[in-house]
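Listed here are the chains, written in short residue letters.
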Amino acid sequence: MILYLHFGDPQPEPTYRQLIDTLTEFTPMVQALPPEAALADVSGSVRYFHRDAAALAALIRMRTAAVFGLDVTVGVGPNPLLAQLAAHRGAPGAVRAVPDDPGAITAFLTGLPAAALPGVGPATVRTLASYGLVTADRIAATPLLTLQRILGTAAGRQLHQRAAGVDPTRVAPGAPPRTFSAEHRFARDELDPDRQRGALAHLTEHLGTRLRGEQQACRRLTLTVQYADRGGRSSITRSRTLPEPTAHSPRLRAAAHALHAALGLQRARVRALALRASDLCDAGAATRQLTFGAEDDKARRIEAAADRARARFGPGVVRPASTAGLR
């Protein structure tokens, strides 16, 4: 059985690594999903601890609450997909299990909104809804070829499998990669895409400053959008590999805005945005595309001067005008 653990808000890297170390006390099969989740395969641990998977999940919840003060949500299922869906179906802070039984899996997926399936964003939801495919059981009952005509070959096949609770992936243990993360939670559910883009600009400034301060560059940027549903648990994540490693805030901002635009949120109500810079490398060893104009070099000199001012007077002393009022 698989556990999907959601730690709530994105965790600082040192805390996240300590959480992963805590999980390895129960099973060596732990896969990091930074900055706020992890997978654990406890199939080989139930006999050792003389507890079933749900009881192990409850024990892990107690341990993390006592040590870290976190109210962890744990989903239990026969594969990573069902464990994740169980964790996100309901209010945070509980253990929810899907039995390894075809009838129980079908009952669990019946009525599940299409938006709850991983990788299904607002644009896909609207497309599916136009065909009356608004729940997982309806999608699973749709012929595969029909879904592929609607969404494309690969996307249609993947959605058909997920809607039926099929997930061939396994837990891949390994140390969590070093990442830098930043999150912005709106004071109220935000519908204005311009305000969302302003928040992304603020987050990329934060990430860029931190990357440059530690002489790092990132090759990959990940955007997580948390929607304003009843439980505040519905979210979608998209990633993009950058053309070259960078810590330059304008490059990060352009990538973040491209990820945001690709989601087609339109008037979606957004509760929080999170950005994660990953696949880090030494900035001094990173390659950089040469340019024939002076604008890029000028922007980098201004950025370096702003970094020096922030280091001396505080992080908020210099910032783009579009991020005014954001913290």
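Structural data are supplied above this passage.
Structure report, in brief. (Residues numbered from 1 in each chain as written. Predicted model: local features only at pLDDT ≥ 70, side-chain atom pairs only at ≥ 80, totals over all residues. Heavy atoms only, no water.)

### What about the overall build of the protein chain?
Regarding its fold elements, the protein chain presents 12 helices and nine strands. With 327 residues in all, the protein chain has 45% of them scored as buried. Long-range pairs, those at least 24 residues apart, make up 67% of the contacts in the protein chain between residues at least 6 apart in sequence. Carbon together with sulfur atoms contributes 54% to the accessible area of the protein chain, which is approximately 16,400 Å² in total. (Helix = DSSP H or I, 4+ residues; strand = E, 2+ residues; numbered from the N terminus. Buried < 20%, exposed > 50% of the residue type's maximum accessible area, 1.4 Å probe, protein only. Contact = heavy atoms within 4.5 Å. Areas by Shrake-Rupley, 256 points an atom, 1.4 Å probe, with all protein chains shown as cover.)

### Quick word on the sheet that holds strand β7 (residues 216-227)
Spatially, the four strands line up as an open sheet ordered β6-β9-β7-β8, and their pairing is antiparallel. Strands at the two margins of the open sheet, each flanked by one partner only, are β6 (180-190) and β8 (235-246). When strand polarity is set aside, the average angle formed by the axes of neighbouring strands in this sheet is 15°. Relative to β8, β7 runs antiparallel, the two being bridged by eight bridges. By the bridge assignment, Q226 is partnered in β8 with S235. (Pairing = 2+ DSSP bridges. Axes fitted to C-alpha atoms, helices over the stretch in contact; angles between N-to-C directions.)

### With respect to the side chain of R276
Following the sequence through the fold, R276 ends up in strand β9 (residues 270-282). Here the side chain of R276 touches P34 through a polar contact of 2.8 Å, landing on its backbone oxygen. Setting aside anything within four residues of it in sequence, one finds R276 in contact with P34, P35, T179, F180, S181, R220, L221 and T222. (Polar contact = N/O pair within 3.5 Å; in protein donor to acceptor, adjacent residues only side chain to side chain.)

### Observations regarding the packing of aromatic side chains
Taken as a whole, this structure holds three aromatic pairs when the rule is applied. Ring geometry for F7 versus Y16: centroids 6.1 Å apart, planes at 75°, classification edge-to-face. On the accessibility criterion, F7 (3% relative accessible area) is buried. With centroids separated by 5.1 Å and ring planes inclined at 80°, the aromatic side chains of Y48 and F49 adopt a geometry described as edge-to-face. Look at Y48 and you get exposed, because its relative accessible area is 66%. By the ring-pair criterion, three or more aromatic residues cluster together here, those being F26, Y48 and F49. Sitting over the face of the ring of F108, R89 holds its NZ or CZ atom 5.0 Å from the ring centroid. (Phe/Tyr/Trp six-rings, centres within 6.5 Å; stacked < 30°, edge-to-face > 60°. Lys NZ or Arg CZ within 6 Å of the ring centre and 35° of its normal.)

### With respect to the pattern of salt bridges
On inspection of all chains with the given rule, the structure shows 11 salt bridges. The salt bridge partner of D194 is R197, with a shortest N-O separation of 2.2 Å. Of this pair, D194 and R197 both sit in helix α10 (residues 193-213), three residues apart, which is roughly one turn of the helix. A salt bridge links D279 to R219; the shortest N-O distance between them is 3.2 Å. (Salt bridge = Lys/Arg side-chain N within 4 Å of Asp/Glu carboxyl O.)

### Observations regarding the sheet that holds strand β1 (residues 2-6)
Pairing is mixed in the open sheet, where five strands are placed in the order β2-β3-β1-β4-β5. With partners counted over all chains shown, the strands left at the sheet margins are β2 (30-33) and β5 (95-97), one partner each. Strand-to-strand twist across the sheet, computed as the mean angle between neighbouring axes with direction ignored, equals 15°. Here helix α1 (residues 13-23) sits on the sheet in contact with β1, β2 and β3 (37-41), set at roughly 160° to β2.

### A few points about the nonpolar core
Formed by 28 residues in total, the largest nonpolar core has its most connected members in L211, L221, L223, V225, L273, L275 and A277. Once residues within four sequence positions are removed from consideration, L221 is found in contact with L207, R238, S239, R240, L242, L252, A255, A256, L259, L275, R276 and A277. Of all hydrophobic cores here, the second largest spans 22 residues; its members include L19, L23, F26 and V74. (Core = buried A, V, L, I, M, F, W, Y, C linked by side-chain atoms within 4.5 Å.)

### Topic: α1
Considered for burial, the residues of α1 that qualify are E13, Y16, L19, I20, T22 and L23. Among the structural elements, β1, β2, β3, α3 (53-68) and β6 are those in contact with the buried residues of α1.

### Considering the pairing of β3
Of all five residues in β3, five are buried, a share of seventy percent or more. Two elements, β1 and β3, share five bridges in a ladder whose sense is antiparallel. Within the sheet, the bridge partner assigned to Y4 lies in β3 and is L39. Counted between consecutive antiparallel strands, the loop separating β2 from β3 contains three residues.

Limitation: the analysis is restricted to geometry and does not speak to function.
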